[in-house]
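Structure at a glance
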6 protein chains.
Amino acid sequence: MIRGKQDDYPTLSEILQSYSALQNKVENFVNMKPGFFFVFSAEKIEGSRGPYYICTVGDSRIRIESKAWIGDSGVIEPRAGHIALADYMHDEKYGLSIKVKRNFTPDEMEAYSAGSITKLIPVISNIAALRSEIQRLIESVKNEFLRELLDSLLGKNGSCQEFFDSPAAKTYHHALIGGLASHSLQVARYALGIYELSPSRDSIDRDILVVAALLHDIGKVKTYSTDDYAFEYTDRGQLEEHIAIGIRILERAIVKIDGFPETLASELIHAIISHHGELQYGSPVTPKTREAFILALCDNLDARLDHFESMAAVTQEDSSWTEYSRMFQSRLYKGNH
Amino acid sequence: MIRGKQDDYPTLSEILQSYSALQNKVENFVNMKPGFFFVFSAEKIEGSRGPYYICTVGDSRIRIESKAWIGDSGVIEPRAGHIALADYMHDEKYGLSIKVKRNFTPDEMEAYSAGSITKLIPVISNIAALRSEIQRLIESVKNEFLRELLDSLLGKNGSCQEFFDSPAAKTYHHALIGGLASHSLQVARYALGIYELSPSRDSIDRDILVVAALLHDIGKVKTYSTDDYAFEYTDRGQLEEHIAIGIRILERAIVKIDGFPETLASELIHAIISHHGELQYGSPVTPKTREAFILALCDNLDARLDHFESMAAVTQEDSSWTEYSRMFQSRLYKGNH
Amino acid sequence: MIRGKQDDYPTLSEILQSYSALQNKVENFVNMKPGFFFVFSAEKIEGSRGPYYICTVGDSRIRIESKAWIGDSGVIEPRAGHIALADYMHDEKYGLSIKVKRNFTPDEMEAYSAGSITKLIPVISNIAALRSEIQRLIESVKNEFLRELLDSLLGKNGSCQEFFDSPAAKTYHHALIGGLASHSLQVARYALGIYELSPSRDSIDRDILVVAALLHDIGKVKTYSTDDYAFEYTDRGQLEEHIAIGIRILERAIVKIDGFPETLASELIHAIISHHGELQYGSPVTPKTREAFILALCDNLDARLDHFESMAAVTQEDSSWTEYSRMFQSRLYKGNH
Amino acid sequence: MIRGKQDDYPTLSEILQSYSALQNKVENFVNMKPGFFFVFSAEKIEGSRGPYYICTVGDSRIRIESKAWIGDSGVIEPRAGHIALADYMHDEKYGLSIKVKRNFTPDEMEAYSAGSITKLIPVISNIAALRSEIQRLIESVKNEFLRELLDSLLGKNGSCQEFFDSPAAKTYHHALIGGLASHSLQVARYALGIYELSPSRDSIDRDILVVAALLHDIGKVKTYSTDDYAFEYTDRGQLEEHIAIGIRILERAIVKIDGFPETLASELIHAIISHHGELQYGSPVTPKTREAFILALCDNLDARLDHFESMAAVTQEDSSWTEYSRMFQSRLYKGNH
Amino acid sequence: MIRGKQDDYPTLSEILQSYSALQNKVENFVNMKPGFFFVFSAEKIEGSRGPYYICTVGDSRIRIESKAWIGDSGVIEPRAGHIALADYMHDEKYGLSIKVKRNFTPDEMEAYSAGSITKLIPVISNIAALRSEIQRLIESVKNEFLRELLDSLLGKNGSCQEFFDSPAAKTYHHALIGGLASHSLQVARYALGIYELSPSRDSIDRDILVVAALLHDIGKVKTYSTDDYAFEYTDRGQLEEHIAIGIRILERAIVKIDGFPETLASELIHAIISHHGELQYGSPVTPKTREAFILALCDNLDARLDHFESMAAVTQEDSSWTEYSRMFQSRLYKGNH
Amino acid sequence: MIRGKQDDYPTLSEILQSYSALQNKVENFVNMKPGFFFVFSAEKIEGSRGPYYICTVGDSRIRIESKAWIGDSGVIEPRAGHIALADYMHDEKYGLSIKVKRNFTPDEMEAYSAGSITKLIPVISNIAALRSEIQRLIESVKNEFLRELLDSLLGKNGSCQEFFDSPAAKTYHHALIGGLASHSLQVARYALGIYELSPSRDSIDRDILVVAALLHDIGKVKTYSTDDYAFEYTDRGQLEEHIAIGIRILERAIVKIDGFPETLASELIHAIISHHGELQYGSPVTPKTREAFILALCDNLDARLDHFESMAAVTQEDSSWTEYSRMFQSRLYKGNH
């Protein structure tokens, strides 16, 4: 809930979570209730009974389509990039409708209710902490070539600062500004956890593992547009896909490092480009090294769990099952624990 | 190397590892050199130039086929279940040949060279430590039904003591007595490592995760015969496969626990039977819970890394690439680190 | 047609069958015509021009979605679990709409028109005959262990009486109360027919074949909820799927039979769990015995033909082709014979 | 066993069946024992220690490769197309070796031991009975066009007499002269059995079912060469495969029947060309009619069971498992019943 | 643009091409603008606010669904098979709506604006030129049997004149009257281009290549109905698919040519029936000859490029990407060149 | 045949071609006949009856394994990298054996018989002509950035001269020094041929097509080792595969060209990395542009036809069918034309 001047108002995730079968009754619809919605896009439509808007609205965790009705007294037009305070009604079959009462710019919103922005806009909240942890990981790399490579991209003066401003996917997982850094770091954490516990520990190259984990999705900095937080594919994203873009970014960085050993480059690039695990998922080569196996599985695990939590986050609290997940071709069981 | 009375003799793994391209010369074959070989099986063949034996020989890490020539002075017949001290020659194309000079029973071998047995017979060495760690994990389970279930199977007086005497697979990974316990425990360790690091930590049921990890392959206690350490499939293993056998073992144990909640049983069984991840790999249902996803990936990871080490263990030291792995449909890169 | 007090009224299947392209004209819609509809579910919606209902309605053979308009004079609200006498209009593109004139409970309906219930509610009509035939099959089993197992589950005092009250699938085939018994019996009939005609007759174990055929889908008694005849998946159904549930039910029954031979149990369970024929269809093991091959193919045949008839039953009489079948990824040709 | 003048001698199938693990000892090889072998082919090889032969030998049920040693006193050369009375030794690893003592032409063999030919040469024994049953099925077809079509191909004066002289496959099933007629008839029997038992009986076109069953593999008359019973693919067999050849044979026959209804032709051809069930198995269209579904499954069933019996026929009597079947990608369980 | 009496009016392809994001505004919808639309089908619907039509409308390159509103003054009903001059509005989300002002028969249309028909109706414009080029190709065939076969089907007095009146597919590519001839000829052109450039030129049979290219889709003359240019599948099309129909047409033609060499027929038919390249795409045999490989790839190339142009033709001019293509499971990049 | 001092001697390809079934008789083996063999590798083996060699021998078109017997009078040891004049015998089952009479260095061989080298060593003969044609193609590129890129790699002073010294594959096609240039050029020729004939000609970017065709396999310069003409995979070849290596080579070259437009780079790289057509064949993205579709199909065609000719080149002249091709999973039909 976001604290307003006089009352608390829910975000879309909260609306969907608290939406119990019991309440799904006609009574709900007569007295509309207000909530906060970030408006990702809004297009005016000339309907048979007058104009209305088709919008994508949501908060930091979810985005869905909504109609915005206009014309009633006190109801104003939605504006893309603004936060709408709006009455809403939601129906499982026909989805969401809103009537906007007031539009806030992000700054106005933050002024209205401090801290509310991180709940409403898909921007990661703890980016400074992520940066620090990544910096410490850079410094922990012992091989000087690998450390220099990583530093030249993600370090304080690194050439790839978009890394901290990119999403990790369009919708499936970590679809928020900073999601790429967040996902990459979590994969590195998992990989190091596995490394510490593994009977193969002495044979695993920790440096390659850390660097490959942090850079495995580096190509995603050019794969998605961040305009209006819509995370649409760029032309490059569609023509090259993030693995090929990643190779190009890495090659440009490697060229600049004198004496970067060819075998080391090859081992690192192998782990990075094989991280989808199988050719049919877009890796041009399958994993063949210990580091590549660990990376592929940790990447898979983090993507799955984050997607799981996205699905669970918008599931009604009294339901054990999420909606159908296209990623898993199944509904997921979140249980009632 | 195994210390003999007067000299040190290699095991098969050591022979294959030290087998460099440089040494692969005809000179090697004229003066046969002795080594120790566990004889898994031996069948006498009437060849066109007299009788000889076809054997499976090896040590605790590997087993390959060998011919055993007889008839020369001082050369005796190989005996299944014994350790042979034998001259050998090895050729990449035609494989291994041995001439047995002496046969040891396992007891005689241990008397001859203390501690040599664990290098020569595929029996895990640290089974007591595994038992202790598993016992501690049992005790860490807070849900009383799950703890009782786990204890009734793997605890001190548990009904499933074969768990500590079974291999985890025929050849691909953990193919040794105690391999099942070793693999199951390592999967539990990885799963707990992931659990501790996961942003989803609070939503994951640690008890189900631990119990499912330890019991995920429980059906393997009836899947492989341990006669002569050959780990052949049993009739049940072929007719039911380990997942179905596991369900039957679990059901028998659950029946005996009064009031075992049906939903809990269902959640646990779900995680266990979905651990192959996809229907085409033999799971009758795909993972749909957080615990199931973590288990499937940790199982996959441990199986892959153990298989990787098995392949690497018999690779010549100066080679970066293992032989072709049927599991990965590729040679694996162990590097030269 | 169901004989009413003054007139005969069609069921939904009959409406769809007699629905010729010729009649699909606007004239149809002005004078609504009454028919009988079982109301599986009904949810009230607040539309932009007043409230209406979204219902699932149908008869014993089919169920589709319908709108129920209210508000007109003489039109009442639909009630789940009741039979509606309702004017209807149907349009290929926009589907079915009804206006309910009268609601009957099942008892009232049977009083109104004897025998009409079996046409309107998805409940098999000849359950007593099925029971008798199954009982005779039980008695025909010569192996005492198998006969006792079968009798303990499906016999007169058997523990699994839900077998006679369950559907065999959610929608694809035999989706009606008693459908499980009906399908299982038909598979047994086909299997015995093949058995009698087969050159392999003397090598086939008739007892295993009969028992496996009757019990192959036994897990389905816990897979679908029969509330309101909606046949939704239960939690267990989604978490375990019917093959694993079946193993658990069988194991509980086998445990209670003293001296049940282990090999016999394994052979029986093999045939049952392999009946989907391939791993990718959810069997944890592929068929490896004669009985398993026959069972898998007879099961497949009965499911396909029943699905074919379900599709054909709602095809317009003058059309050779059914609607698109998702099961077969194609329209089906019923011809004009 | 085949009764010789003084003694009984086994065929190859009997040799392999009675070949128990117990007897697989060196003693077996010192005193060679005689048996009868049909010699499918024999090629002389100049080995490093003199010439010998590589042969394919067998009996009516099986064919395997063998070496034929020559040069010993009393040992003669094998001759393709003859039956050899030969001492033999068999070893699981190195296979079969024979020393031929006497060669019989088929006529001499039959004179030597009446009835022995059907055991030794892959020719079906009861071809006359098959012809009669097929003739009766032809006469049972009520549709005059279909009956005339069937009669014009398989009837007494039919144009396709090779139907009774062709195998149904190269090795997998019914690989003997007359196998095509035998398989086609058995599929028709199964299909009629299903037809009689089916709830869909009244909607199934029995005539199309019978004709399609008997003609579904008609293209195989041009697919395999029957020279020397080797059943090699012909050029046409490889370039067109039996389904396309079958279409051509049918089209030529249909052209000659005045007024053959186009729809009837299409329905018949549909059932025939879809009998492999899925595109990936070589059917250019998937089954879409009741008759096509029944035919595809009955064809599948007969091919599988016949293959099962071929595998079982050469399995040692005390073994529950056959050798690995490439058709099923598994060993098969014949049990010990 | 089609020149009318006073003004130029766009076709649907032009409407969709010039439809820029910028113009996609509500203002567009208030003043409807007229265009020409061929009406493929029109069905009257009784909507909740009065009757309207659901139509399929389009031009020679594209067909989409549209609503046709009636009831306004001056607005008339659409008629299938006629060209409508109609005001329209188009919305990315809700598609096309039209209000018909005038209906033309094709003849009236051509009288109204000469040459407009080829833009509006999916009929190829240059059929005479195609015929001439095909005739020259027929005459270029040196093998007399192949030339006679080709001539008997596609020559001046050929039996298969529907070849010039059939589409090559329902929607994906060359979906217009004459599309089959156009596609077949283009495949022949590509194949001859490859032939001339190939290092294998001397080993390729040019005659088989030409004949197979021109006849590879011959079965399509019976696969699609051309009624109302809807190109629906015929019964035969669904039951046999075009490859099997093609075999039947060829066999009938081959039967009539005395002495047609069997091997030649087999080689030709091989190339034709294998042209889908893989079993899973409906070819009953894979390519095994040089001619078959070239044909399969040239067919694939022409189908893909024609589909590409169809997609590009209705893409807005300022967009680099087409809509999602189901054929390629992706959007296509036409660039801005 | 290679003209020697007194006689003509065959190469291995000629031996296998002229090897008719008729001649495959024991008589062949008694009088060994001499031929020329390039020795790719030779390893001495200590056999049970004395030492011999396992060699890979062949000529410019084929390489197979052979035994080289030594010890006879006048027989010398084979030497890797030399041409052996050797008596040989060949047997379908046991393959090739040789007895070396004389060893030539390549220079000695050329002195012995001018021009023989190109028949014996897998080196393309017309590399100068290829270079000229490629140079002309470079000059034909109108876009200055693309021309400079191509020139900087393949031009006279280009950085990637290995392009003219590399094979295009290990065994399947163009497996000879210069094969990469030869294949790349032929793909460019085909692509330009298609371009000229295509109805899409005006929309295709000829420059991108030419450059992508010539560079599509550029990564292969680092994929295979050319030591001893064995064309083994390098470490980089296995770890990165040629598509990723190609991206790196291209990126390094693009970096050096000022102002290379980003979109142009993306379009070019798209065509190059998608040339395998589908993800499962190792392309990280599927083709989405006209140029990419044409390139993928022309590459496929040239690889297939070259492989076809390799198979045909070693097929006996009187046989219509090649040996089994692993690439096509079938034997190929070369016919008897």
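About the criteria used
Residues numbered from 1 in each chain as written. Chains lettered and ligands numbered in written order. Predicted model: local features only at pLDDT ≥ 70, side-chain atom pairs only at ≥ 80, totals over all residues. Heavy atoms only, no water. Helix = DSSP H or I, 4+ residues; strand = E, 2+ residues; numbered from the N terminus. Buried < 20%, exposed > 50% of the residue type's maximum accessible area, 1.4 Å probe, protein only. Contact = heavy atoms within 4.5 Å. Areas by Shrake-Rupley, 256 points an atom, 1.4 Å probe, with all protein chains shown as cover. Lys, Arg positive; Asp, Glu negative; His and termini not counted. Charge placed at Lys NZ, Arg CZ, Asp CG, Glu CD. Buried area = accessible area lost by both parts, 1.4 Å probe. Salt bridge = Lys/Arg side-chain N within 4 Å of Asp/Glu carboxyl O. Axes fitted to C-alpha atoms, helices over the stretch in contact; angles between N-to-C directions. Parallel < 35°, antiparallel > 145°, perpendicular 65-115°, else oblique. Core = buried A, V, L, I, M, F, W, Y, C linked by side-chain atoms within 4.5 Å. Phe/Tyr/Trp six-rings, centres within 6.5 Å; stacked < 30°, edge-to-face > 60°. Lys NZ or Arg CZ within 6 Å of the ring centre and 35° of its normal. Domains from an automatic or database assignment. Polar contact = N/O pair within 3.5 Å; in protein donor to acceptor, adjacent residues only side chain to side chain. Nonpolar A, V, L, I, M, F, W, Y, C, P; charged D, E, K, R; others polar. Least-squares fit on C-alpha atoms with pLDDT ≥ 70 in both. pLDDT = per-residue confidence, 0-100. UniProt positions renumbered as here; feature names shortened; annotations may be inferred. Left-handed = near helix turned anticlockwise from the far one by under 90°. Patch = residues over 30% accessible without salt bridge, like charges linked within 9 Å, V, L, I, M, F, W, Y side chains within 5 Å. Disulfide = S-S within 2.5 Å.

Concerning the overall build of chain A
Looking only at helices and strands, chain A features 11 helices and 9 strands. Projecting the C-alpha coordinates of chain A onto the three principal axes gives extents of approximately 70 × 40 × 40 Å. In chain A, which comprises 337 residues, the proportion classed as buried is 58%. Restricting to contacts in chain A with at least 6 residues of sequence separation, those with at least 24 account for 58%. On chain A, roughly 13600 Å² of surface is accessible, and the fraction owed to carbon and sulfur atoms is 46%. Distance between charge centres in chain A, computed from 36 positive and 47 negative side chains, equals 3 Å.

Regarding the interface of chain B and chain A
Contacts between chain B and chain A engage 36 residues on the former and 36 residues on the latter. Together chain B and chain A conceal approximately 3300 Å² of surface at their shared face, both sides included; 65% is due to carbon and sulfur atoms. When the area that chain B buries against chain A is broken down by residue, the three leading residues are Arg290, Phe293 and Leu297 of chain B, summing to 19%. Taken together, chain B and chain A are joined by 2 salt bridges. Here Glu309 of chain B and Arg290 of chain A are joined by a salt bridge, their closest N and O atoms 2.7 Å apart.

A word on the side chain of His270 of chain F
Following the sequence through the fold, His270 of chain F ends up in helix 10 (residues 262-273). Excluding residues that lie within four positions of it along the chain, His270 of chain F makes contacts with Leu239 of chain A together with Val285, Thr286, Pro287, Lys288, Thr289 and Ala292 of chain F.

Side note on the packing of helix 10 (residues 262-273) of chain B against helix 9 (residues 235-255) of chain C
Contact pair helix 10 of chain B / helix 9 of chain C: the axes reach a minimum separation of 9 Å and the direction vectors enclose 85°. Looking at the two axes, helix 10 of chain B sits roughly perpendicular to helix 9 of chain C. Side by side, helix 10 of chain B and helix 9 of chain C meet where Glu262, Ala265, Ser266, Glu267, Ile269, His270 and Ile273 of chain B of the first sit next to Arg236, Leu239, Glu240, Ala244 and Arg248 of chain C of the second.

Describing the environment of Val210 of chain E
Residue and element names in this part refer to chain E. Among the secondary structure elements, Val210 is positioned in helix 8 (residues 206-215). Note: C-alpha distance between Val210 and Ala292 (82 residues apart in sequence) is 11 Å. Apart from the residues within four sequence positions on either side, Val210 is in contact with Leu137, Val141 and Leu192.

Re the nonpolar core
In this structure, Leu154 of chain A, Leu154 of chain B, Leu154 of chain C, Leu154 of chain D together with Leu154 of chain F are the most contacted members of the largest nonpolar core, which totals 360 residues. Listed in part, the 17 residues of the second largest apolar core include Val39, Cys55, Ala84 and Tyr88 of chain E.

Focus: the packing of aromatic side chains
A complete count under the given rule lists 78 aromatic pairs over all chains for this structure. On the numbers, 5.8 Å between centres and 65° between planes, the contact of Phe36 of chain D with Phe104 of chain D is edge-to-face. Within this pair, whereas Phe36 of chain D is found in strand 3 (residues 33-47), its partner Phe104 of chain D is found in strand 7 (residues 95-104), the two being separated by 68 residues in sequence. Residue classification places Phe36 of chain D among the buried residues on the basis of a relative accessible area of 0%. Under the relative-accessibility criterion, Phe104 of chain D is labelled buried at 1%. An aromatic cluster is present here, built from Phe36, Phe104 and Tyr112 of chain A joined pairwise through their rings. A cation over an aromatic ring shows up here: Arg131 of chain A above the ring of Phe164 of chain A, its NZ or CZ 3.9 Å from the ring centre.

A few points about the domain arrangement of chain A
All names here are of chain A. What the domain assignment reports for chain A is domain 1 (2-120) and domain 2 (127-313). When each unit is reduced to the centre of its C-alpha atoms, the spacing between domain 1 and domain 2 is 36 Å. Domain 1 puts 7 residues into the contact, and the matching count from domain 2 is 8 residues. Buried area between domain 1 and domain 2, summed over both chains or domains, comes out near 580 Å², and the portion from carbon and sulfur atoms is 48%. Scanning the region where domain 1 abuts domain 2 turns up 0 salt bridges. Counting every contact that joins domain 1 to domain 2 gives 1 residue pair in polar contact (both at pLDDT 80 or more). Sorting the residues of the side of domain 1 that touches domain 2 by element identifies helix 1 (12-17) and strand 3 (33-47) as the ones contributing at least two each. A per-class count over the side of domain 1 that touches domain 2 returns 2 nonpolar, 3 polar and 2 charged.

Side note on the relation of the copies chain B and chain A
Superposing chain B onto chain A takes a rotation of 180° combined with a translation of 0.0 Å along the rotation axis, leaving an RMSD of 0.0 Å. Overall, the copies show the geometry of a two-fold rotation axis. Most of the interface of chain B is mirrored in chain A: 100% of its interface residues are interface residues there too.

Thoughts on unusual backbone geometry
Within the chain, Phe231 of chain D stands out as a residue other than glycine whose phi angle is a positive 55°. Here Phe231 of chain D is to be found in the loop between helix 8 (206-215) and helix 9 (235-255). Its identity is not glycine, yet Glu241 of chain E carries a phi of approximately 65°, on the positive side. Note on placement: Glu241 of chain E falls in helix 9 (residues 235-255). Of the residues examined, Glu241 of chain E reaches a relative accessible area of 23% and is grouped as partly exposed.

Topic: the confidence of the model for chain A
On average, residues of chain A carry a pLDDT of 88, and 91% of them reach 70 or more. For residues 20-31 of chain A, every residue scores under 50 in pLDDT, and the model assigns this stretch 17 contacts once sequence neighbours within four places are set aside.

Focus: the side chain of Arg248 of chain E
Its place among the elements puts Arg248 of chain E in helix 9. With residues near it in sequence (within four places) discarded, Arg248 of chain E still touches Ile247, Glu251, Ile254, Ala265 and Ile269 of chain D together with Arg236 and Glu240 of chain E.

Quick notes on the UniProt feature "domain: HD" (unreviewed entry) in chain A
Here, UniProt's "domain: HD" (unreviewed entry) annotation points to residues 180-304 of chain A. End C-alpha to end C-alpha, residues 180-304 of chain A measures 15 Å, and it is 61% helix and 0% strand.

Concerning the arrangement of the chains
Separating chain A from chain D is a minimum C-alpha gap of 19 Å, and the two share no contact. Across all C-alpha pairs, the smallest distance from chain B to chain E is 19 Å, and the two are not in contact.

Considering the pattern of salt bridges
This structure, assessed with the given rule, holds 78 salt bridges over all chains. Taken together, the shared-partner salt bridges connect Arg236, Glu240, Arg248 and Arg252 of chain A together with Glu251 of chain F into one network.

A closer look at the packing of helix 5 (residues 127-140) of chain B against helix 7 (residues 179-197) of chain B
A pair of packed helices can be characterised by two numbers: the angle between their axes and the separation between those axes. Residue and element names in this part refer to chain B. At a minimum axis separation of 10 Å, helix 5 and helix 7 run at an interaxial angle of 45°. One element, helix 5, and the other, helix 7, form an angle in the oblique class. Viewed along their axes, helix 5 and helix 7 form a crossing whose handedness is left-handed. Across the interface between the two elements, Ile127, Leu130, Glu133, Ile134 and Leu137 from helix 5 touch Ala181, Ser182, Leu185, Ala188, Arg189 and Leu192 from helix 7.

Describing a negative patch on the surface
A contiguous patch of negative charge on the surface is contributed by Glu139, Glu144, Glu148, Asp151 and Asp258 of chain A. With respect to the helices and strands, Glu139 of chain A occurs in helix 5 (residues 127-140).

Details of the environment of Tyr9 of chain F
By the element assignment, Tyr9 of chain F lies in strand 2 (residues 8-9). For Tyr9 of chain F, a relative accessible area of 13% translates into the label buried.

A word on the state of the cysteines
Working definition: the covalent bond between the sulfur atoms of two cysteines is a disulfide. One pass over the full model with this rule turns up 0 disulfides over all chains. Just so you know, Cys298 of chain F is unpaired, no disulfide at all, and the nearest cysteine sulfur is the one on Cys298 of chain E, 8.3 Å from it. A residue is classified by how much of its surface remains accessible, and Cys298 of chain F, at 3% relative accessible area, is buried.

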